[in-house]
Amino acid sequence: MHSQAMLNKVSLQTVDYIVLVVVLIIPLGIGVYFAIKDAKRLTRDVYLLGGRRMAMVPVLMSLFVTFQSAISLIGMPTETYIYGPLFVGIYIGSGISCFIAAFSVTPLFYPLRITSIYEYIDMRYKSKTVRLISTLLGMIQMFFYLAVVLLAPGLALEAAAGIPFWLSVVIVGGTGTIYTMAGGIKSVVWTDTFQTFFFFLGIFAVIIKSTIAVGGVEKSWHMAEAGGRTNFDKFTFDLRIRHTWYGVVICGFVTGMVGVFNQSTSQRISSLKSHKHARNLMILNGILSIFYGFCCILVGWCMYSYFFYIRCDPFKAGILRNPNQMTPFFVIHSMQDLSGFAGIYMSSLFSGALSTLSSGINALAANTVEDILEKPMKSVSEKTATTITKIAVSLYGTAVVIVAFLAKNLKGQVTQMSVSIFGTFGSSVLGVFLLGCTIPWVNKYGAISGAVISLAFNLWLAVGNKLHGRKPPILEFGPIDMCYNKTTLAPYLNDSTSTHTTRRKSIDSLPETFSPYDISYEWYSIFGLLVCYIVGVIVSRLTRHIFPNKTEPKLIIPCLRETWGLHSRKIAISDNDNLFIERRVSETKITF
């Protein structure tokens, strides 16, 4: 009965489209509201940081959905369906990074009152070159990540719901660009707050409905367990296994730190009223991220049990040919008898893409005017500078849409794409920041050497893996005996393995010879950070007498200042204003 509908063309109903339109119109209204409200007092500080007086709860929602985009809504359940649940370790590691950053990074950055996070690089290394390299790498990372963010829902909805790819990309890209350009950070933050509601509403609706459809929580769990989707038992340091507990948690921690030392995060920290709010922001974001990761795992379990229950696995039967189509296809089929609910989940996809896109292009515009065009901006009025910032937002939004079109034919998991981008480019930038804020005698030559060699090393691994790497094994799919017109297995299945027997063999055995191209993508960020840090320390140590470095204590993480014997003035930040109260008389610069 259910399976007969599996091969029918699926589409959203009228009510679903109404929900989608509402979700797209409200952000535009918010953008127009703040554009009118702040028109008379609009400056870069107001446009990019909300006047540094924003409330914590909406900023928390905005920070959360900035890095939990449509990529995770589509990719995480599919990841669980095909490879198992260990990807959730990424969120555990990321949550840990937020907890640590709350007591180390926020007390470092908040008192500096910077607009661009790369201003810190200039202050720390006294080098425009290091700042420019870090800025460009960070912007490249964000730009291509945003392209994947637009790519994910466009590809998925085209195949699973019949919505043309170009239409999804243009609507999401255009809407996000318009309201971000109009209202700045305030419209981004308040729109993200509104979209977070749809984010979780869509997830919970799918979990509840699909669980009821298969006969309850216990039956759903048993089916997922029998299919190997609940197996967390992978404790090994073998770098060739796609996901292991050690790999995903450490990768999640490094990737989370890349997100902490990110322009979008820095803007939100700097936009708050007090350091206490900034610290609480990071703690709560860590908790929320871990909770969200487990919610996505639940959706993956529900998806497998649902297809197992109706005995028609659409991927194995060849109904779907791209793994990124699984989640929206599942949602529309499982929710088809509840008008509007499929639209709610699709709205969460659009909301996730919009929130990340708007935050990203706002951050790219901030980097452009504060870092790339720093000198020209000093000679123009504040009104002109703000107008240039708005133009930059529109240009980046348009460019991201174009790149998403060009990337349409990319294959593979969107979750892997996003983590690989963060690992390849982000870990080099993270290394430069960590070198600067943890070791006072590291100089600009160490930072440049570390960043360049780290980037080259990561690109070698990533490109080599794509060209010569071993295909990761996948879990066995569900039955297809109730599907009509059983076609040949999907190309993705054939790329990995052709039968259950060979799949099981590939899981149990690995090649005897070790190839660096077989290293799992989860280790790229870890290796990139280690290479940058080690090279940076060595080069700085070798050049310390030729190029001595003077470091201000305020540029080192507070808890490490005493360790290095730095005597700095302590500052207390009032919760009611931004005044800095000096507790010690002098601040010393120490040469290493």
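Going by the structure above, here's the rest.
Let me begin by describing the structure that accompanies this report. (Residues numbered from 1 in each chain as written. Predicted model: local features only at pLDDT ≥ 70, side-chain atom pairs only at ≥ 80, totals over all residues. Heavy atoms only, no water.)

Some words on the packing of helix α12 (residues 263–271) against helix α15 (residues 341–372)
Here's step 1: Running from amino to carboxyl end, α12 crosses α15 at an angle of 85 degrees, the nearest separation of the two axes being 9 Å. Taken together, the axis directions place α12 and α15 in an arrangement best described as roughly perpendicular. Mapping the contact onto sequence places Gln 263, Ser 264, Gln 267 and Arg 268 in α12 and Ser 359, Gly 360, Asn 362, Ala 363, Ala 366 and Asn 367 in α15.
Here's step 2: The residue makeup of the contact of α12 with α15, split by class, is 2 nonpolar, 7 polar and 1 charged. (Axes fitted to C-alpha atoms, helices over the stretch in contact; angles between N-to-C directions. Helix = DSSP H or I, 4+ residues; strand = E, 2+ residues; numbered from the N terminus. Parallel < 35°, antiparallel > 145°, perpendicular 65-115°, else oblique. Contact = heavy atoms within 4.5 Å. Nonpolar A, V, L, I, M, F, W, Y, C, P; charged D, E, K, R; others polar.)

Thoughts on empty space enclosed by the protein
Empty space left among the atoms is revealed by rolling a probe the size of a water molecule over them.
Here's step 1: Applying the stated criterion across every chain, the model contains 4 cavities of 30 Å³ or more.
Here's step 2: Along the walls of the largest cavity sit 27 residues, with Phe 67, Gln 68, Ser 94, Tyr 145 and Thr 255 positioned nearest its centre.
Here's step 3: Listed by contribution, the elements that provide at least two residues to the lining of the largest cavity are α3 (56–67), α4 (70–83), α5 (88–102), α11 (245–260), α13 (275–309) and α18 (414–438).
Here's step 4: Of all the elements, α11 adds the most residues to the lining of the largest cavity, at 5 residues. (1 Å grid on protein atoms, 1.4 Å probe; cavity = no way out; pocket = protein on both sides within 12 Å on 5 of 7 lines; lining within 4 Å. Points joined across faces, edges and corners; volume = space filled by probe spheres on them.)

Quick look at the pattern of salt bridges
Here's step 1: According to the stated counting rule, one finds 9 salt bridges in the structure shown.
Here's step 2: A salt bridge links Arg 131 to Asp 371; the shortest N-O distance between them is 2.6 Å. With Arg 131 in helix α8 (residues 128–161) and Asp 371 in helix α15, this residue pair connects regions lying 240 residues apart in the sequence.
Here's step 3: A salt bridge links Arg 240 to Asp 238; the shortest N-O distance between them is 3.1 Å. Both residues of the pair, Arg 240 and Asp 238, belong to the buried class.
Here's step 4: The network of salt bridges with shared partners includes Asp 122, Lys 128, Arg 131, Asp 371 and Glu 374. (Salt bridge = Lys/Arg side-chain N within 4 Å of Asp/Glu carboxyl O. Buried < 20%, exposed > 50% of the residue type's maximum accessible area, 1.4 Å probe, protein only.)

A look at the packing of aromatic side chains
Here's step 1: A full pass over the atoms with the stated rule returns 37 aromatic pairs.
Here's step 2: Between Phe 109 and Phe 261, the ring centres sit 5.7 Å apart and the planes meet at 80 degrees, which makes this aromatic pair edge-to-face. In this pair, Phe 109 is assigned in helix α6 (residues 106–109) and Phe 261 in the loop between α11 and α12, connecting sequence segments 152 residues apart.
Here's step 3: In this structure an aromatic cluster arises from ring pairing among Tyr 81, Tyr 304, Tyr 306, Phe 307, Phe 308, Phe 315, Phe 330 and Phe 477.
Here's step 4: When the ring centre of Tyr 125 is taken as reference, the NZ or CZ atom of Arg 124 above it lies at 5.0 Å.
Here's step 5: We note Arg 242 situated over the ring of Tyr 83; from NZ or CZ to the ring centre the distance is 3.9 Å. (Phe/Tyr/Trp six-rings, centres within 6.5 Å; stacked < 30°, edge-to-face > 60°. Lys NZ or Arg CZ within 6 Å of the ring centre and 35° of its normal.)

Thoughts on unusual backbone geometry
If a residue is not glycine, its phi is most likely negative; likewise, a peptide bond is most likely trans.
Here's step 1: Backbone geometry at Arg 52 places phi at a positive 60 degrees, although glycine is not the residue there.
Here's step 2: Tracing the backbone through its elements, the reader meets Arg 52 in the loop between α2 (44–49) and α3.
Here's step 3: Within the chain, Arg 113 stands out as a residue other than glycine whose phi angle is a positive 55 degrees.
Here's step 4: Along the chain, the position of Arg 113 falls in the loop between α6 and α7 (119–125).

Notes on the environment of Arg 240
Here's step 1: Secondary-structure assignment places Arg 240 in the loop between α10 (217–226) and α11.
Here's step 2: On the basis of relative accessibility, which here comes to 14%, the residue Arg 240 falls in the buried class.
Here's step 3: Separated by 283 residues in the primary sequence, Arg 240 and Trp 523 have C-alpha atoms spaced 9.6 Å apart.

Here we look at a nonpolar patch on the surface
Here's step 1: Together, Ile 96, Phe 99, Ile 100, Leu 284 and Ile 287 make up a nonpolar patch on the protein surface, roughly 390 Å² of accessible area in all.
Here's step 2: Every element with two or more residues in the nonpolar patch is listed here: α5 and α13.
Here's step 3: Per element, the largest residue contribution to the nonpolar patch is 3 residues, and it comes from α5.
Here's step 4: When you line up the elements, Phe 99 lands in helix α5. (Patch = residues over 30% accessible without salt bridge, like charges linked within 9 Å, V, L, I, M, F, W, Y side chains within 5 Å. Areas by Shrake-Rupley, 256 points an atom, 1.4 Å probe, with all protein chains shown as cover.)

With respect to the side chain of Ser 428
Here's step 1: Along the chain, Ser 428 turns up in helix α18.
Here's step 2: At 3.0 Å, the side chain of Ser 428 forms a polar contact with the side chain of Ser 454.
Here's step 3: Sequence-distant contacts of Ser 428, defined by excluding residues within four places in its chain, comprise Leu 137, Ala 451, Ser 454, Leu 455 and Cys 532. (Polar contact = N/O pair within 3.5 Å; in protein donor to acceptor, adjacent residues only side chain to side chain.)

Points about the side chain of Thr 177
Here's step 1: Topologically, Thr 177 is positioned in helix α9 (residues 165–213).
Here's step 2: Beyond its immediate chain neighbours, meaning those up to four positions away, Thr 177 contacts Ile 361, Val 393, Ser 394 and Gly 397.

Some words on the nonpolar core
Note on soluble globular proteins: their nonpolar side chains tend to be buried together.
Here's step 1: Phe 109, Tyr 120, Phe 261, Tyr 292, Phe 307, Phe 330 and Phe 433 are the most contacted members of the largest nonpolar core, which has 165 residues in total.
Here's step 2: With 15 residues, the single largest contributor to this core is α13. (Core = buried A, V, L, I, M, F, W, Y, C linked by side-chain atoms within 4.5 Å.)

Some words on the environment of Leu 455
Here's step 1: With respect to the helices and strands, Leu 455 occurs in helix α19 (residues 444–468).
Here's step 2: On the accessibility criterion, Leu 455 (17% relative accessible area) is buried.
Here's step 3: When the C-alpha atoms of Leu 455 and Leu 529 are compared, they prove to be 9.5 Å apart, with 74 residues separating the residues in sequence.

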